[in-house]
Amino acid sequence: MRAIVSFVFVFVLGWSPTSADDFSVASPDGLLRAEVNVSSSGLSYRVFRDETLIIRSSELGFTFLDGTNFEADTNRISSSRRAVDETWEQPWGEARFIHDIHNELAVSIPRNGVADETMTVRFRVFDDGLGFRYEYQAPAGRSLVIADELTEFNFAEDADTWWIPAGEWNRYEYLYEKTPLSKVKLAHTPITMRRSDGIHISVHEAALVDYAGMWFKQTAGTNFTAELAPNPLGGKVHTTGGFKTPWRTLQVTEAATGLLNSHLILNLNEPSRLGDVSWIKPGKYVGIWWGMHLNINTWGSGERHGATTANTKHHIDFAAKHGFDGVLVEGWNVGWDGNWFDNGDVFSFTKPYPDFDIKALSDYALEKGVRLIGHHETSGGVTNYENQMAEAYKLYEDLGVRQIKTGYVANGGNIVRKKPDGTVVNEWHDGQWMSNHNIRLLELAAKHKLSINSHEPIKDTGLRRTYPNWISREGARGQEYNAWGSPGNPPSHTAILPFTRMLSGPLDFTPGIFDLLFEEEKPDNRVETTLAKQLALYVVLFSPIQMAADLPANYEARPDALQFIKDVVTDFEQSIALAGEIGEYAIYARKDRNSDDWFMGGLTGDNEQSKELKLDFLDPDKRYLLQLYRDSDDAHWRSNPYGFVVEEKQVNATETISVRMAPGGGFAARLVPVSD
Ligand code: NOJ
Ligand code: CA
């Protein structure tokens, strides 16, 4: 019972128009083109870049749980077009101004035999990619349950593909596979590919609201379909009075760096709903955190309890001394004792352990110009959390807390939702109910001037534009895996992330581990990077809040490297991906939003890389002091991870700098204008 709706996209630049040429739309530069075909047998689309076929004829549409199909009334199809060229401003981000220039085509198709339902398929085509979504108009109160979305992505040819599996227990926390596209069975998005002709493509979605997350599922060869995350109530998505799907996105660029410099996902989200957001503060933080992952401390109470008043004061003092804005404290609240992975229904989000004086500590922090950062681990007990959210957010607001790190440690498909009648159902982190949980939470948090940094989150789809208090998130295999081992993150992991996970938005990776070997605590595990690469992560893996994740003592032992973490900023006027290849290296320059300083960072995967980098992004009328933190010439993540050099010299915009990055290495730099 497939919906009888499919679209065909036909590209027109240099291509002879077909009978469906009314339904063709090209990017502003004319290179990327989509063509839509509507006929009584269905809807489909195709995508071309220049004269190259990217997506072969691919179906569009839905099946509904009531067994009915959407049949197009082809006699009443209408279409409209719009060209948009505007620039909007982010309250914080990798860039202050975002240019949105695209051409839009909307095709509206009345449902055959059902007078009051219409499906509009809206396409927006940008120079660096496109998005399309379904907008389904139905009378208020009419329920429709989507059984399946039929959207296909039939790729014209095979391609090298970097991906993580979907529908598995560990959510998004997997190492990336690199295989031919034709070997991918079921993957999360963003999923990124490079064709043999060098064209890079990334598939994702934008503005996932009141809908199920899209998994990328093979149907045959290089043909894929949008598989929606399951819903325990049956079907995939429950709708009333019509619905809008997220945008299905294809970023299509020549160079790998084209993906990094694309703002397509943000541009396809709605403007902010939060009004004045001056209370949202980017910044840097330390925390009572790494000690737990190294087994020095525990989250639960007892002798090794990390979240004690004394230990928190020590961290506040360290933060104040070195200019950090926040101190994250995990394990402060009752509920961690026993196996906390299973404590989802017993966590209190308002009751501190007796050895944690939350009021005295928040006052102490505020006196020193620092704020506590809140922590809410739900262990997947989301109804338990929802029942306490209002009180918990009020408590934090009263204490002067501005940010909360949340956690959803539960296996995929094991979120616990209690329905009003007391029955329990298990949800996926990216199912429709969790997508709505996040919106409920963000709206409530905003009322208390709180920003949210979600761990074990739903994937990012650019909603930070609409809810700028969604300040960061995990949703990747972060630094913590290096403490846990079996295995840690190999060098290539962070050289793949920029081209995959980072295309969705900020990542709270928690960089800055200086004791790379932790021989005392976990001698069998280690961090597989050089010291310089830990600094590079601050620039390459964007997040408006960045943690300095190591123990204070390890920072005190390396004031030379710590200086970069103290200087680097997290909120940028402009960002430029200068160079990169997936899994091999990524190099960025970013300009501070609040000064004339620039920062640079580059990192490698398994192999050494030497690059000549033009500084032509600098202001041509200024000279700069370059403070360079780099791998020594004999550094190597395995054999010489601490081979590290700090050097300074004056440069200007006409010059280039040479950097050699070790295997698993990198560099970081600050460029400060100097007066003559
Ligand atoms: C997993 C998170 O990624 C980690 O940062 C946190 O410490 C634990 N959950 C406990 O909440
Ligand atoms: Ca995690």
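Because the structure is predicted, anything quoted here is derived from the model rather than measured.

**Looking at the overall build of the chain**
Thought 1: Tallying secondary structure elements over the chain gives 12 helices and 38 strands in all.
Thought 2: In terms of overall dimensions, the chain has C-alpha extents of about 75 × 65 × 45 Å along its principal axes.
Thought 3: Per-residue burial over the chain gives 64% buried out of 676 residues.
Thought 4: Expressed as a percentage of contacts within the chain between residues at least 6 apart in sequence, the contacts between residues at least 24 apart total 71%.
Thought 5: As displayed, the chain offers around 23,200 Å² of accessible surface, 47% of which is attributable to carbon and sulfur atoms.
Thought 6: Of note, the chain has its 66 positive side-chain charges centred 2 Å away from the centre of its 92 negative side-chain charges.

**Quick notes on the sheet that holds strand β28 (residues 451–454)**
Thought 1: Ordered by their spatial adjacency, 7 strands build an open sheet running β29-β28-β25-β24-β23-β22-β30, and the pairing between neighbours is parallel. If you trace the sheet from one side to the other, it starts and ends with β29 (470–473) and β30 (545–547), each paired once. The average undirected angle you get between the axes of adjacent strands in this sheet is 30 degrees.
Thought 2: Strand direction decides the pairing type here: strand β22 (residues 283–288) and β30, joined by 3 bridges, are parallel. Among the inter-strand pairings, K284 is bridged to a residue of β30, identified as Q546.
Thought 3: In this fold helix α4 (residues 309–322) packs onto β22, β23 (326–329) and β24 (371–377), with an angle of close to 155 degrees to the strand it touches most, β22.

**Here we look at helix α6 (residues 382–398)**
Because the α-helix completes a turn every 3.6 residues, residues three or four places apart line up on one side.
Thought 1: With 17 residues, α6 ought to run about 24 Å at 1.5 Å a step, and its terminal C-alpha atoms sit 23 Å apart, in line with that.
Thought 2: Where α6 bends most, at M389, the angle is about 55 degrees.
Thought 3: Restricting attention to buried positions, one finds in α6 the residues V382, T383, N384, Y385, Q388, M389, A392, Y393 and Y396.
Thought 4: Packed against the buried residues of α6 are α5 (358–367), β24, β25 (403–407), β26 (415–418), α7 (432–447) and β28.
Thought 5: In the stretch just after α6, G400 is the one whose phi turns positive, near 85 degrees.

**What about the site of ligand 1?**
Thought 1: Around ligand 1 sit 14 residues in total, of which W289, E330, E377, K405 and E480 are the nearest.
Thought 2: A distance of 2.6 Å separates an oxygen atom of ligand 1 from a polar side-chain atom of E330.
Thought 3: Measuring from an oxygen atom of ligand 1, one finds a side-chain N or O atom of H455 at 3.0 Å.
Thought 4: Considering ligand 1 on its own, with 300 Å² of exposed area, one finds that the protein chains cover 97% of that surface.
Thought 5: With respect to the detected pockets, ligand 1 is housed in the largest pocket.

**Section: empty space enclosed by the protein**
Remark: the empty space left among the atoms is shown by a probe the size of a water molecule rolled over them.
Thought 1: Considering all chains together, one arrives at 6 cavities of 30 Å³ or more under this definition.
Thought 2: Taken as a whole, the largest cavity holds about 320 Å³ of empty space.
Thought 3: As for the largest cavity, its lining consists of 23 residues, and the residues nearest its centre are E94, L260, S262, R464 and M502.
Thought 4: The set of elements that each furnish at least two residues to the lining of the largest cavity consists of α1 (256–260), α2 (264–267) and β32 (585–592).

**What about the layout of surface pockets?**
Thought 1: There is about 710 Å³ of room inside the largest pocket.
Thought 2: Lining the largest pocket we find 38 residues, and of these W340, F341, S379, V409 and A410 sit closest to its centre.
Thought 3: With 4 residues, α6 is the largest single contributor of residues to the lining of the largest pocket.
Thought 4: Empty space within the second largest pocket amounts to approximately 330 Å³.
Thought 5: Lining the second largest pocket are 20 residues, and of these R133, A207, V209, D210 and K244 sit closest to its centre.
Thought 6: Listing elements by their share of the lining of the second largest pocket, those giving two or more residues are β19 (237–240) and β20 (243–244).

**With respect to the environment of G478**
Thought 1: Along the chain, the position of G478 falls in the loop between β29 and α8 (480–484).
Thought 2: Sequence separation of G478 and G488 is 10 residues, and the distance between their C-alpha atoms is 9.5 Å.
Thought 3: Excluding anything up to four places from it in sequence, G478 contacts N489 and F509.

**What to know about the nonpolar core**
Thought 1: Core analysis: the largest hydrophobic core is formed by 174 residues, its most contacted members being F153, F155, L250 and Y393.
Thought 2: In contact with F155, not counting residues within four places along its chain, are I54, I55, R56, L181, M193, I201, V203, F216, T222, N223, F224 and L250.
Thought 3: In terms of nonpolar packing, the next biggest core, distinct from the first, is built from 21 residues, L615, F617, Y624 and L626 among them.

**With respect to the side chain of R630**
Thought 1: Here R630 is to be found in strand β35 (residues 623–631).
Thought 2: For R630, the side chain forms a polar contact with the side chain of D633, separated by 3.4 Å.

**A word on helix α10 (residues 531–540)**
Thought 1: Taking burial as the measure, the 10 residues of α10 include 10 buried ones, the bulk of the element.
Thought 2: Within α10, the full set of buried residues consists of L531, A532, K533, Q534, L535, A536, L537, Y538, V539 and V540.

**Details of the packing of α6 against α7**
Thought 1: Here α6 crosses α7 at 15 degrees, and the two axes come no closer than 10 Å. Considering their axes alone, α6 and α7 lie roughly parallel with respect to each other. Where α6 crosses over α7, the handedness of that crossing is right-handed. Contact residues: α6 offers V382, T383, Y385, E386, M389, A390, Y393 and E397, while α7 offers W433, M434, H437, R440, L441, L444, A445 and K447.
Thought 2: Grouping the constituent residues of the contact of α6 with α7 by class yields 10 nonpolar, 2 polar and 4 charged.

**Some remarks on the pattern of salt bridges**
Oppositely charged side chains can form a pair if their charged atoms are brought close together.
Thought 1: In the structure shown here, the tally under the stated rule is 42 salt bridges.
Thought 2: In this structure, a network of salt bridges that share partners links the residues R82, E104, R122, R124, R133 and E135.

**A closer look at the pairing of strand β15 (residues 191–194)**
Thought 1: Two strands pair when backbone bridges link them, and strand β12 (residues 160–163) and β15 are joined in this way by 3 bridges, in the antiparallel orientation. Among the inter-strand pairings, D160 is bridged to a residue of β15, identified as R194.
Thought 2: Of the strand pairs in this sheet, β15 and strand β16 (residues 200–206) are connected by 4 bridges, and their pairing is antiparallel. Bridging from a neighbouring strand, R194 pairs with H200 of β16.
Thought 3: Taking the residues that link successive antiparallel strands as the turn, the β15-β16 hairpin has 5 residues, and the phi of G198 there is positive, at about 95 degrees.

Here is what the cut-offs are and how they apply
- Residues numbered from 1 in each chain as written.
- Chains lettered and ligands numbered in written order.
- Predicted model: local features only at pLDDT ≥ 70, side-chain atom pairs only at ≥ 80, totals over all residues.
- Heavy atoms only, no water.
- Helix = DSSP H or I, 4+ residues; strand = E, 2+ residues; numbered from the N terminus.
- Buried < 20%, exposed > 50% of the residue type's maximum accessible area, 1.4 Å probe, protein only.
- Contact = heavy atoms within 4.5 Å.
- Areas by Shrake-Rupley, 256 points an atom, 1.4 Å probe, with all protein chains shown as cover.
- Lys, Arg positive; Asp, Glu negative; His and termini not counted.
- Charge placed at Lys NZ, Arg CZ, Asp CG, Glu CD.
- Pairing = 2+ DSSP bridges.
- Axes fitted to C-alpha atoms, helices over the stretch in contact; angles between N-to-C directions.
- Expected span 1.5 Å × (residues − 1).
- Bend = angle between axes of the 7 residues up to and from the residue.
- Near = heavy atom within 4 Å.
- Polar contact = N/O pair within 3.5 Å; in protein donor to acceptor, adjacent residues only side chain to side chain.
- 1 Å grid on protein atoms, 1.4 Å probe; cavity = no way out; pocket = protein on both sides within 12 Å on 5 of 7 lines; lining within 4 Å.
- Sits in = over half its atoms within 2 Å of the grid points.
- Points joined across faces, edges and corners; volume = space filled by probe spheres on them.
- Core = buried A, V, L, I, M, F, W, Y, C linked by side-chain atoms within 4.5 Å.
- Parallel < 35°, antiparallel > 145°, perpendicular 65-115°, else oblique.
- Left-handed = near helix turned anticlockwise from the far one by under 90°.
- Nonpolar A, V, L, I, M, F, W, Y, C, P; charged D, E, K, R; others polar.
- Salt bridge = Lys/Arg side-chain N within 4 Å of Asp/Glu carboxyl O.

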